[in-house]
Amino acid sequence: MKLHIVVDERNDTRYKRPTLSSKVRNVLFTASVFAGTCLFLISKFGHPESYSSFSHPQTIAEFQKCSIKTFLDTGLPFLSSASPLPISEFVSRRNSLAKALLQDGIDAFIVEPGYTFKYYANISQPDWEVWEPEERPFLMIVQPITSGTREITARTRFLAPSFEVERARLLGMPFEEEVEFIPWEEHWNPYATLLQNWDTSSPSHAHTISNPKVMVDDEIRDFIPRGLSLSGFNVAGLGSEVEKVKQTKTPGEVELLRAVNTGTVEAVRAMRKCMYPSLTENEVTNVLDDTLRAAGLEPFFDIVLFDEDASNPHGGTDGSKVLEAETFVLIDVGAHLHGYSSDICRTFFPPFFPKPSSLSCLSPAIKEKLAVWDIVFEAQKQSLHALKSGNTAASVDIAARGVIEKAGYADAFTHRVGHGIGIKAHESPYLNKGNVNVTLRAGMTFTSEPGVYLVGKFGARHEDILLVKEEGEPEILTGRRATGPWDP
Ligand SMILES: *[C@@H]1O[C@H](CO)[C@@H](O)[C@H](O)[C@H]1NC(C)=O
Ligand SMILES: *[C@@H]1O[C@H](CO)[C@@H](O)[C@H](O)[C@H]1NC(C)=O
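- An unreviewed UniProt entry annotates the protein as Creatinase/aminopeptidase of Hyaloscypha hepaticicola.

### A closer look at the site of ligand 1
Then step 1. Taken together, Pro84, Leu85, Ile87, Asn122 and Pro174 are the residues near ligand 1.
Then step 2. Residues belonging to the shell around ligand 1 are distributed by class as follows: four nonpolar, one polar and no charged.

### Concerning the pairing of strand S5 (residues 213-216)
Then step 1. Side-chain alternation along S5 places Lys213 and Met215 on one buried face and Val214 and Val216 on a second face that is also buried.
Then step 2. Here three bridges tie strand S1 (residues 108-111) to S5, and the two strands are oriented parallel to one another. Counted as the bridge partner of Ala108 is Val214 from S5.
Then step 3. Judged from the four bridges that link them, S5 and strand S6 (residues 234-237) form a sheet pairing that is parallel. Following the sheet pairing, Val214 is matched in S6 by Val235.
Then step 4. Crossover S5 to S6 through helix H8 (residues 223-230) is right-handed.

### Some points on unusual backbone geometry
Then step 1. Cis rather than trans, the peptide bond between Ser428 and Pro429 has omega equal to 0°.
Then step 2. Here Pro429 shows up in strand S12 (residues 427-431).
Then step 3. Even without being a glycine, Ser278 presents a positive backbone phi close to 90°.
Then step 4. Locating Ser278 in the fold gives a position in the loop between helix H10 (251-273) and helix H11 (281-294).
Then step 5. Among the residues examined, Ser278 registers 9 C-beta atoms within 10 Å and is labelled exposed.

### Examining the environment of Val333
Then step 1. Structurally, the position occupied by Val333 is in strand S8 (residues 329-337).
Then step 2. For Val333, a count of 26 C-beta atoms within 10 Å gives the class buried.
Then step 3. Residues Val333 and Leu288, spaced 45 residues apart in sequence, show a C-alpha to C-alpha distance of 9.1 Å.
Then step 4. When neighbours within four sequence positions are excluded, Val333 is seen to be in contact with Thr264, Val268, Leu288, Pro299, Phe301, Asp302, Ile303 and Ile344.

### Looking at the packing of helix H2 (residues 60-72) against H11
Then step 1. For the pair H2 and H11, interaxial distance at closest approach is 9 Å and the crossing angle is 35°. Handedness of the crossing formed by H2 with H11: right-handed. Contact with H2, carried on its side by Ile60, Phe63, Gln64, Ser67, Ile68, Phe71 and Leu72, involves Glu283, Val287, Asp290, Thr291 and Ala294 of H11 and no other residues of that element.
Then step 2. Taken together, the residues of the contact of H2 with H11 sort by class into seven nonpolar, three polar and two charged.

### What to know about the sheet that holds strand S3 (residues 152-161)
Then step 1. Read from one edge of the open sheet, six strands run S4-S3-S2-S1-S5-S6, paired in mixed fashion. Two strands lie at the open edges of the sheet, namely strand S4 (180-184) and S6, each paired on one side alone. Put simply, the sheet's adjacent strands are angled 30° from each other on average, direction ignored.
Then step 2. Bridge count between S3 and S4: five bridges; the pairing is parallel. Pairing of Leu159 across the sheet is with Ile182, part of S4.
Then step 3. Contacting S1, strand S2 (139-146), S3 and S5, helix H3 (residues 87-104) runs over the sheet at an angle of about 100° to S3.

About the cut-offs
Residues numbered from 1 in each chain as written. Chains lettered and ligands numbered in written order. Predicted model: local features only at pLDDT ≥ 70, side-chain atom pairs only at ≥ 80, totals over all residues. Near = placed C-beta within 6 Å. Nonpolar A, V, L, I, M, F, W, Y, C, P; charged D, E, K, R; others polar. Buried ≥ 20, exposed ≤ 12 C-beta atoms within 10 Å, placed from the backbone. Helix = DSSP H or I, 4+ residues; strand = E, 2+ residues; numbered from the N terminus. Pairing = 2+ DSSP bridges. Right-handed = clockwise from strand over helix to strand, strands pointing away. Contact = placed C-beta atoms within 7 Å. Axes fitted to C-alpha atoms, helices over the stretch in contact; angles between N-to-C directions. Left-handed = near helix turned anticlockwise from the far one by under 90°.

Pasting the structure below:
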């Protein structure tokens, strides 16, 4: 078909001043070229290469399969450095505790099954009583003694119900010598029994034999220190040198933390590649849990929050919110490996919302997400610079908070910047701006997890694990930090 092009002289604006309507046409033309470029860029840069290498999941079963396969296909190199701790590590922990007790002028440390008991003797509360914590005290008592070489070592004994002594022996606690028990019969007072069997040879024995000074751990139920006091013990709460023993990690502990935390981040990255529209937060949680388990990491919390659900840092909504292209996904998850904890957080866009080459094409709502993501990232970076031996715990929080305040989001950063981490996800010291009297020491491990929470909109948080070094910047125990919301 032949086209007839008719030029109407009246519409030819080449030699005339532009009319208002032609100005409007020009604006519309420019806008449509711009929009066309945006569409072109999005279609060019956003397609299958950002998806996982095989056909993209459309059902939960396919999602799960894809996520586990993508994770296992990495070969899990980050787990290879981790091995269970030897008995000698537990022996040296108790000896360090003995030295700390002597420094603090305390005759003995007393703790019941829980995280601290697990740290010194490998037994958690459920390891001892899988049913429920009982009223019968089962206590570990650690006293400093002077060995032949005048070196301070630990004498550890266990106060146990008589009928439970054999079961306690079967726990196989990590001791090089035979485990010592002080049994108490059901009709006896357990604390009076302990006092009658007190080892008075302790070099820190600065008190009368009838009133030994003991320190109890934070993880002890109140009736136990009360019972000890009523029987004549002089009871102090956890503090000073004793509290510090758990805070610095050995190379073996650091490798376990590195393995479990790097593995947890990599599991989130693998799972993300397989996400598809319409998934709920609960469905993502379940698949991420199973992905972690497939590599031998046991999840113990897994918070998945979409957009406004993430404006509460720990969630609280019912997990039914549905994933869409422009959803900001916040995942905070922790798992255990050989008793050590991970605790990491990532904030990202799903893989089916591709990264455009030009961010100017994006809606104001998305631009705000990007801006906040960057602010939180910078806050985390500044906290890392402050995480140095000799600095205060407060200074790390203040460094991150300064960035967020300067960006105008002071009120939206509602929690401290981080906490110690080890066998427990949250350990002392705590990185808050009031903790001005605690000094960081090489070997301490922390989370840095600044966040900004905009009610009704979204939340963004980045959490990595860091090791304080003798000198300079901390070491990252999460492999690597995120680089952006398309590369968590
Ligand atoms: C500590 O306990 C775990 C099981 O909870 C066990 O696998 C490990 O071998 C124990 N370690 C030692 C040194 O006994
Ligand atoms: C920090 O230590 C100083 C000096 O010992 C003391 O006056 C102050 O109350 C302490 N601050 C806190 C928050 O514990």
